[in-house]
Every structure is written in C-alpha cells, then in structure tokens.
Amino acid sequence: EDEMETAPKPSRDVPFKKDKLKAKRKKPRRYWEEETASDTARASSGPSCNKKRKQEFRPQRSKTAHILKKSRISKKPQVPKKHRERGNPEAQRNLSGVQDPFPGPVPVSVEVVQKFHRIDKSKKLPQSKSKTRSRLEVAEAEEEETSVKAARSELLLSEEPGFLEGEDGENTAKILQSDIMEAVDIASAAKHFDLNLRQFGPYRLNYSRTGRHLVIGGRRGHVAALDWVTKRLMCEINVMEAVRDIRFLHSEALIAVAQNRWLHIYDNQGIELHCIRRCDRVTRLEFLPFHFLLATASETGFLTYLDVSVGKIVAALNARAGRLDVMTQNPYNAIIHLGHSNGTVSLWSPAMKEPLAKILCHRGGVRALAVDSTGTYMATSGLDHQMKIFDLRGTFQPLSARTLPQGAGHLAFSQRGLLVAGMGDVVNIWARQGQASPPSLEQPYLTHRLSGPVHGLQFCPFEDVLGVGHSGGITSMLVPGAAEPNFDGLENNPYRSRKQRQEWEVKALLEKVPAELICLDPRALAEVDVISLEQAKKERIERLGYDPEAKAPFQPKPKQKGRSSTASLVKRKKKVMDEEHRDKVRQNLEQQQQHKQEKAKPLGARPSALDRFVH
C-alpha cells in the first residue's frame, strides 16, 4: 500500500490540460488586420506570458470608483464602444483599413438650406404656455432637419438646365430651329416636329402635368390625344361640333372639351363619359390640379367651378363684365385671372362672390394673360399693342412695358420664367436676366415664324419644348433652358406605369385641398385670424352678459389627507365657476327688471305749450 503510486498534485508550475489547449489556440486574425511581429511572438509565448500581458493592458480601477447602472430607457442613443489598443493607432480604422479623410456629416451651404425653409424665424414666438412653446421649438427643429436633408439631396439631381449662347456679339434671336437641331443630339432633335392639319384648324393644345402626353383640338371638331415623345396615337375623333378649348384633367386618362354648346368629358380612348349642360357656351377652360376643380369661362359672363372628383358645381360667379374669353390661373395660389374688355383684370376665388382684386392694365381690352409658376409676375397684352409685366406680391404695379408692332394675342410662361408671345404668325420668346427677376423685354431670346396665325401656346413641363397651335396645325419648337430639368418621381413621373398612375390618383384624392381655402396669400392659412377672434369674443360677451376671461381663473389650494385629488380639484373649480355665473346672471336679471319698471311707470298728463309759464 505504501508503495502504491499516487497522482501528483497540481501545482502552479504544472498546467492543466485545458490550459495547454488555450496555449496552443491562436487568437483569430481578421482579414483587415495586418499580422505583426508582436502578434506572432504573443502566439508563440506560453500561458504565463499571456497572463502577464493581460495584466499589463488591464486598466486599474480604483476601489472608490462608482459604477453607473445603465437605464433601460436612455435619452441618448446607445453607441457601441470601440475596442481601443493603447499602442496600436491603426485599430481605429474602418473595415477597409483606410481612415476617412472627411469625417462627419457633409457640409451644406446656408443659401441652399434657406431655399427649402418653410418657417419664418424672423417672427418671434408669442407669449404662450411653455408646452405650446416647446411644441413650436420641436416643429422648428424638425423643419430645420428636413431642409438640410433636402439640400443634401440636391446632389442627386444630375440634370442641369439647358441654355443657348451665341458667339461674341451674336444675337440669339437670329438662330433658327434648323441650327438648333443640328447642334443637339438625335433624341432632342426628334422633339421638333410639325403636324400639317390645315383641314380642321386652327388648333388649341394642352400638355399633361407629367409632360408626356399632348391633346389637340381643332376649331372644326378634330380632337386627338397622343404620346408626343414616342408619337403613339391614343385616340382621334371628330365631335362634329366647334371646339373652343381643350384640357387634360388630373391625369391623361380624362379630357375636357369645351364644345360649341356644352362641356363634354372624354376618356383617352375617345369615349364620351359626361355631358355637363350646366356649363354652356364655354369659351375657356382651366384645371386646378390640387383642388380637382375645372374652371370654365362662358359667353354669358359666368365663371363656374366644377369639382371633377364628385361631379358637383362648387360655385357659379357672375363677373358682370360681358363675354369672358381671356382666362388663366395662378399656379401658386389657384386664383383665376379674368381679362375684360374695359382693360381690367379681376382675380377670383370660389370662396368669394366678388373679385378679390381688380387691376387696371390697359387702355383697351385685354387680349391675353399669363402668370409664372411662382405666382410673382403676371404678363398682360391689350388692344393698345402694349405688353406689360405686373408684380403680384401685393402692389400690383407694372414693372416693365413694351409696345409691339402687333398686339400679342397669346402669352405663356415656362417653368424657368421664359415668356412667349404669339403675334400673328410670329412667336417671340424673352428670357430673364437673373434667377428671380422678371423677363427682360428689351431683346428677344428666340424668334420663330409659323405657317399660320397663332391660336394656342404652352410650354411642355420638364422638356425644353414649346407647343404652338396655329391655323396650319401643330408645331413643336426647341427652346433651350425653358423647363425644369429634374422632376419629382412621386408627383409628376413621365415614366410611370398604369398601376403607379392609379396609386397616385388615390393619394391625390386623399390630399385634395378644399375649394374654400383658395385665397390670395396661402401662407395666411397658417396664421391666426385676429379680427375674427376678437369678433367671436365680442359676440360671446354679448351672449353671456359678462366677460368670462376678465377675472383670473380660480386655482384651489392644495389640501392634505387625500383631499387634493384631481376629481376634487375639478369639483371645487366647477363649484366656484357656477357660483360666479349665478351671481352674474342674477345681476343681469335685476338690471333687466329695473329697466322694465322704468319703462312701465305711468306717464303724467300730456305736456302743453303753456307749461313753461307755470313756474
């Protein structure tokens, strides 16, 4: 028994089997880490060496150090801690092993951010409650963040606006359409074309909001809709009646045609869907896309608003100015501008039965009107051969004027502020000098002569193309720099499918703006109407007989032993308010009774003229 071998006791010098495995196991190396000599030495050293190195790099924590407990809900976002090695600065690199030369968010210029601001911070916050003030501050912070994101996203807008520059001293008005076609690419040159349709002219035309589809209407009944980019014909009919104007509705699937007697609605296959007899003798059409309103001007002098989403007439306003054949809309605030034979322009909203404003523009009758996309400038032309540009920002004063050899019969603005005027069979285009300046009427930007008198003008959205309807048919001109180069794919997508169009239509119907909100200044909708507020306060005082806000509201004192609960506080407040109300009502009743008694007193004998001699 004494000779029996005993197992040796484990000591510090003799490692366990697990310790041997740990010593043999090599630390895994990531693919972005470089193998250094220290790593190889560390792997080759034994377990005791590893322990020593771990003890060297382990940070010493003081005994008195306080350990903070992590809360489950933290106000600051949790940032994962980075593993740092004191002697290795390369550990702070990213996955690729290269350090970011531009750390932090992308800097954005203040001017670009200012363009996307929607809240005017120059106005100070009113004296309001702290809760309301905090909400306003949160809204301002969210708006600031949104504007910065929108400014950064401008980097994704790859397209740039076109332009036309002549050589030194060359006048760009002398450049012909054939010269422009030779200079541009094949796809752009295909956008210039002429449709010879002399049999059914003259023609009116209209582009869809996406700029992809075109509808034309001839005076002798010819109506056609086509995809003008691919030249694919959608429908072509003859209504056997005079066509005075034609418009796309909210999408290219519906077409409104002002025929000789009534207003008709067709689909893109040429099938008649509706005949609206309440809109008769219509001369001009305008569609308000965000309100789903079709505005019609008639020979009888009525301006009618038709809600195409429900098929009801919202308003029928009598302009009391005779025949209405000059009409346009302000794209900024959806106000309708009407030109009259006495030289005035009236501004209308369906919420008011009277015009919002009247502007005396010409000595003779008004022939044409146009408003730019920002709602800042209005161009007019009259029988006095004058063409004027007015400022619509509250002053309604003329900014510039020009006398034309022939009065301009048709005017139109492009998305980037170019102004076109049709004078007989000549089309003149004027460009603006600065970013927000009105068009300069001194020198034309482009000039083109057509095969017949102009009958309709419109710039194509998101394309540098001008569509002209004349007695000889349709002409599509190339105008560099006319359109906005980048489109919003969620709002006006020229390449959308049928399913996308249907989804957009549902969304647009849900976001429809009521007709009652159309006013001169849309920003006034977000402000408090102080006049109406004071009027409502006066009416409330007259109805109650006293001012309920004259005295500060009663605030009950807190009590102990559970008597300051929310329910008891509300009861005490209500009790005091009822007592005050009873006192006020009692006083009013007493005053009314006194007033009645004074009226009911018996009057003496009838006064005589001799009573003055009695005393």
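Since the structure is predicted, the reported quantities are computational estimates derived from the model, not experimental observations.

Conventions adopted
- Residues numbered from 1 in each chain as written.
- Predicted model: local features only at pLDDT ≥ 70, side-chain atom pairs only at ≥ 80, totals over all residues.
- Heavy atoms only, no water.
- 1 Å grid on protein atoms, 1.4 Å probe; cavity = no way out; pocket = protein on both sides within 12 Å on 5 of 7 lines; lining within 4 Å.
- Points joined across faces, edges and corners; volume = space filled by probe spheres on them.
- Nonpolar A, V, L, I, M, F, W, Y, C, P; charged D, E, K, R; others polar.
- Helix = DSSP H or I, 4+ residues; strand = E, 2+ residues; numbered from the N terminus.
- Contact = heavy atoms within 4.5 Å.
- Phe/Tyr/Trp six-rings, centres within 6.5 Å; stacked < 30°, edge-to-face > 60°.
- Buried < 20%, exposed > 50% of the residue type's maximum accessible area, 1.4 Å probe, protein only.
- Lys NZ or Arg CZ within 6 Å of the ring centre and 35° of its normal.

Engineer: Before we move on, could you go through empty space enclosed by the protein and cite the residues and values that matter?
Structural biologist: Taken as a whole and judged by the stated rule, the model has two cavities of 30 Å³ or more. Of the pockets and cavities examined, the largest cavity occupies roughly 40 Å³. Along its surface, the largest cavity is lined by S208, R209, T210, L249, H250, S251, E252, E491, N492, R496 and W504. Among the residues making up the lining of the largest cavity, the classes are represented as two nonpolar, five polar and four charged. Together, D372, Y377, F413, G417, R432, S437, P438 and P439 line the second largest cavity.

Engineer: Tell me what's going on with the environment of Q415, and back it up with residues and numbers.
Structural biologist: Mapped onto the elements of the fold, Q415 is located in the loop between β22 (410–413) and β23 (419–423). In this structure, the C-alpha to C-alpha distance between Q415 and S373, residues 42 residues apart in sequence, is 6.1 Å. Leaving out residues up to four positions away in the same chain, Q415 has contacts with S373, P461, F462, A482, A483 and E484.

Engineer: Give me the lowdown on the packing of aromatic side chains, citing residues and values where you can.
Structural biologist: We describe a pair of aromatic rings using the distance from one ring centre to the other and the angle between the two ring planes. Going through the model one piece at a time under the given rule, you end up with three aromatic pairs. On the numbers, 6.1 Å between centres and 75 degrees between planes, the contact of Y207 with W228 is edge-to-face. Here the residue Y207 occupies a position in strand β2 (residues 203–207), and W228 occupies one in the loop between β4 (222–227) and β5 (232–238), the gap between them amounting to 21 residues. With relative accessibility at 0%, the residue W228 sits in the buried group. Ring geometry for F462 versus F487: centroids 6.2 Å apart, planes at 70 degrees, classification edge-to-face. One end of the pair, F462, is in the loop between β26 (454–459) and β27 (465–470); the other, F487, is in the loop between β28 (473–478) and α8 (498–510), with 25 residues separating them in the sequence. Its relative accessible area of 33% is what places F487 among the partly exposed residues. Of the aromatic side chains, those joined through ring pairs into one cluster are F462, F487 and Y495. We note R277 situated over the ring of W262; from NZ or CZ to the ring centre the distance is 4.4 Å. Above the face of the W504 ring, R496 is positioned so that its terminal group lies 4.9 Å from the ring centre.

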